Each structure stands twice: as structure tokens, then as C-alpha cells.
Amino acid sequence: MGQITEMIHVASLIHDDVLDDADMRRGGAAVHALYTNKVAILAGDYLLARASILLARLQHFQVVEIMAAALDALVQGEIMQAKSKKEELSNMEHYLRKSYFKTSSLICSSCKCAALLCGFDENHSLTKAAEEYGYHLGMAFQIIDDILDFSGASASLGKPAQADMVLGLATAPILFASEDHKELIPLIQRRFKENGDVGKAVALASRTDCVEKSYALAEFHANRAIDALMRFPASEPRDALLKVVHVAITRDK
């Protein structure tokens, strides 16, 4: 299940880099930059095909259905990102829903499937706890990623700072800042397309506590992930999953 999840994840990253025309991934050249867009798309498709074969070999219909839905969610997230209406771009709820589709959906689906493969049914308390853990872990991870992008720590992430805004995306820090500085909303709604928009947005947002609010939101999800995890009996695997939450919330790259 872990192998299948990671193959889907890597495929989505390869495709994302093509869609975003991003030449760097974690400090290295993206696949399409090393080769071509055609090679990158085929490589992502190949990984998805191999993941589908491995998924079918599990011979667990419910797991196949859940992971297929997770793939559907990944695509929905990309469509939301590309086709959002102007008024949706400055909406926090829309941002959180997109974060679920693009990041959290795969993690929570994988965690739920792990419980099902262990023999628990869909309504078992531990199956629900596993799904909740994955959901909140994914949300915390994505929000931290967005904070690091905004704060300029993206050099550690292996991509330019404020890459999200350059792509026309408003994430948690900017959305929180827009609550205090309404003049950010027109910039968000035009996807920071005019010269100086990104710099102006960063300057305005830096005068607010938007980063602190974003960390608080990430910590809320991290705490909810821990709450879900504590429903499992004490064990080394549970301790390891607790460390995953800690790494997700404290990372700086």
C-alpha cells in the first residue's frame, strides 16, 4: 500500500511540474527540464499504470475503489487550481478544499486502506481514526509547505521563494493577511499578474500576523492528527507515526 501510494504521489509531482512549468523539484532539475514534457507525461502515466496493476493485485475491491477516488481527487484539485472563479481565489474555505484534494486526499485514503487491509471494516473506530490521522497530517503538511514558500524559505525547499504567487496562487498566509489588508483581494483575484503584485503582496502581508495564524492552523491539524492516532494502542509504529506529525509541523524544508 505504501509503495502504491508513493508511486501515485511521484506521478502527480511529475505531472504538476509540467502543468506549472516548474524547472526545479527539491533542488534538482524536474523530469521535464531534464528531458521533455512528452517524456515527463509518459513517465507519470507509466507510474500510475504500474500503481494500478499493484492495486489490483491486492484483490480488495474496497481498497481499489478508495484509491481510485483518491486519484479522482488529485485531478479535481488540479482543475480547481486552474479553473477557480475570481471570487473563489480569495476564499479560505476554497483554499482548504483544494489542499484536501491536492495533498490530503491521497494520504487519508492510503491510511484508511491500510486499516482495511489489516482486516478492520469501514465503520471500525480504528479505520476512522486512521483516515482522520491521514487527513489532518496532509492538511498540516500542505499548510507548512505554503508558509515556507511565502516566508522565503523556499531556497531550502529547492524552488524559488514565493513560487506559489508567481503561479497565481494565494495560500494561507496571503489569505489571512487579506483579512487585515483588503487591498490584497484585487491582487489575489487577478492572480498577481501585474508587475509588482507579488512584491506588494509580500510587503503588505509581512505587516500582519499572517504567518503566526497559518502556523496556528497547521498546529490545529497536527493536534487533531495526534488525537486520532492516540486511539490506537501504544506501539512502536504508533510512536513512528507521531514522529511523522512532528516532522511535518516543525520542518523548515
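The structure displayed is predicted, hence computed values, not measured ones.

What counts and how
- Residues numbered from 1 in each chain as written.
- Predicted model: local features only at pLDDT ≥ 70, side-chain atom pairs only at ≥ 80, totals over all residues.
- Heavy atoms only, no water.
- pLDDT = per-residue confidence, 0-100.
- Helix = DSSP H or I, 4+ residues; strand = E, 2+ residues; numbered from the N terminus.
- Buried < 20%, exposed > 50% of the residue type's maximum accessible area, 1.4 Å probe, protein only.
- Contact = heavy atoms within 4.5 Å.
- Core = buried A, V, L, I, M, F, W, Y, C linked by side-chain atoms within 4.5 Å.
- Phe/Tyr/Trp six-rings, centres within 6.5 Å; stacked < 30°, edge-to-face > 60°.

Asks: What is the right way to look at the confidence of the model for the chain in this model?
Replies: Note: predicted coordinates in regions of low pLDDT should not be interpreted at a detailed level. Looking at the chain as a whole, the pLDDT averages 92, with 96% of positions reaching at least 70. By mean pLDDT, the top-scoring element of the chain is helix α12 (residues 210–229) (97), and the lowest-scoring one is helix α7 (residues 154–157) (50).

Asks: Looking at this model, I keep getting lost on unusual backbone geometry. Mind explaining?
Replies: Among all residues except glycine, the phi angle is most often negative; among peptide bonds, the trans geometry is most common. Phi angles above zero are rare outside glycine, and glutamine 59 is one such case at about 55°. Structurally, the position occupied by glutamine 59 is in the loop between α3 (37–57) and α4 (61–83). If you check the backbone angles, arginine 191 has positive phi at about 60° while not being a glycine. Residue position: arginine 191 is located in the loop between α10 (184–189) and α11 (197–205). Given the relative accessible area of 16%, arginine 191 is considered buried.

Asks: Whenever I open this one, the side chain of threonine 5 confuses me. Can you help?
Replies: One can find threonine 5 in helix α1 (residues 2–20). Not counting residues within four places of it along the chain, the set of residues in contact with threonine 5 comprises Met67, Leu106 and Ser110.

Asks: In this structure, what is going on with the nonpolar core? I would like to understand it.
Replies: Most often, soluble globular proteins have nonpolar side chains that are buried together. The biggest cluster of nonpolar side chains holds 39 residues, and the ones touching the most others in it are Tyr133, Ile174, Ile188 and Phe192. Of all the elements in the fold, those that place two or more residues in this core are α5 (92–117), α6 (125–151), α9 (172–180), α10, α11, α12 and α13 (236–250). At nine residues, α6 tops the list of elements feeding residues into this core. Each residue touching isoleucine 174, except ones within four places of it in the same chain, is listed here: Phe150, Met165, Leu184, Ile188, Phe192, Ala201 and Ala205. Within the second largest apolar cluster, 19 residues are counted, among which are Leu47, Ala51, Ala70 and Cys113.

Asks: How should the environment of serine 125 be read in this particular structure?
Replies: Inspection of the secondary structure puts serine 125 in helix α6. Taking the C-alpha atoms as reference points, serine 125 and phenylalanine 232, 107 residues apart in sequence, are found 9.3 Å from one another.

Asks: So what exactly am I meant to see when it comes to the packing of aromatic side chains here?
Replies: When we look at a pair of aromatic rings, we describe it by the centre distance and by the angle of the planes. In total, this model carries two aromatic pairs according to the counting rule given. On the numbers, 5.5 Å between centres and 55° between planes, the contact of tyrosine 100 with phenylalanine 101 is tilted. The class of tyrosine 100 is partly exposed, set by a relative accessible area of 27%. Assessed through its relative accessible area of 15%, phenylalanine 101 is described here as buried.

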